[in-house]
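Take a look at the letters that make up each chain.
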Amino acid sequence: MSRADRFGAGLAALAAFVEREGHARVPRSHKEDGTSLGTWLNNQKARRDKLSPEQLGQLEALGVAW
């Protein structure tokens with residue numbers, strides 16, 4: 001699975017979480033449809049300087065607070 005595929009899967013899981021919960025504050029241990037969503041989101045925040053402007057925009061559109 002490519003990095004872009006993993007990002008897409010994480011983003012889809014985050015979108016499902018946000019739709020259900022109404023926020024993007026994912027607990028670190030939370031899993032969503034087999035994806036370790038809390039860990040994935042924490043990693044995206046830690047490596048945000050390596051994300052593309054498009055990826056940053058997609059996360060911000062879902063309400064991710066940096």
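Residues numbered from 1 in each chain as written. Predicted model: local features only at pLDDT ≥ 70, side-chain atom pairs only at ≥ 80, totals over all residues. Heavy atoms only, no water.

*Asks:* Residues and numbers for helix α1 (residues 3-21), please.
*Replies:* With 19 residues, α1 ought to run about 27 Å at 1.5 Å a step, and its terminal C-alpha atoms sit 26 Å apart, in line with that. Those residues of α1 that fall on the buried side of the exposure criterion are Phe7, Gly10, Leu11, Ala13, Leu14, Phe17 and Val18. One face of α1 carries all of its buried residues, which in axial projection span an arc of 165°. At the exit of α1 stands Gly22, carrying a positive phi of roughly 85°. (Helix = DSSP H or I, 4+ residues; strand = E, 2+ residues; numbered from the N terminus. Expected span 1.5 Å × (residues − 1). Buried < 20%, exposed > 50% of the residue type's maximum accessible area, 1.4 Å probe, protein only. Arc of directions from axis to C-beta.)

*Asks:* Account for the pattern of salt bridges, with residues named and values stated.
*Replies:* With the rule as written, the count across this model stands at two salt bridges. Glu32 serves as the salt-bridge partner of Arg20, at 2.7 Å between the closest nitrogen and oxygen. Of this pair, Arg20 sits in helix α1 while Glu32 sits in the loop between α1 and α2 (37-46), and the two are 12 residues apart along the sequence. The class of Glu32 is buried, set by a relative accessible area of 5%. Salt bridges sharing common partners tie together Arg20, Glu21 and Glu32. (Salt bridge = Lys/Arg side-chain N within 4 Å of Asp/Glu carboxyl O.)

*Asks:* Just give me the short version of the packing of aromatic side chains, but keep the residues and values in it.
*Replies:* Scanning all chains against the criterion turns up one aromatic pair. Judged by centre distance (5.6 Å) and plane angle (55°), the rings of Phe7 and Trp40 are tilted. Of this pair, Phe7 sits in helix α1 while Trp40 sits in helix α2, placing them 33 residues apart in sequence. As far as burial versus exposure is concerned, Phe7 and Trp40 are alike and both buried. (Phe/Tyr/Trp six-rings, centres within 6.5 Å; stacked < 30°, edge-to-face > 60°.)

*Asks:* Tell me about the packing of α1 against α2, residues and numbers included.
*Replies:* Where α1 contacts α2, the axes come no closer than 10 Å and their chain directions differ by 115°. The crossing of α1 and α2 is left-handed. Facing Arg6, Phe7, Gly10, Leu11, Ala13, Leu14 and Phe17 of α1, the residues of α2 in contact are Leu37, Trp40, Leu41 and Gln44. Along the lines of polarity and charge, the residues of the contact of α1 with α2 split into eight nonpolar, two polar and one charged. (Axes fitted to C-alpha atoms, helices over the stretch in contact; angles between N-to-C directions. Left-handed = near helix turned anticlockwise from the far one by under 90°. Contact = heavy atoms within 4.5 Å. Nonpolar A, V, L, I, M, F, W, Y, C, P; charged D, E, K, R; others polar.)

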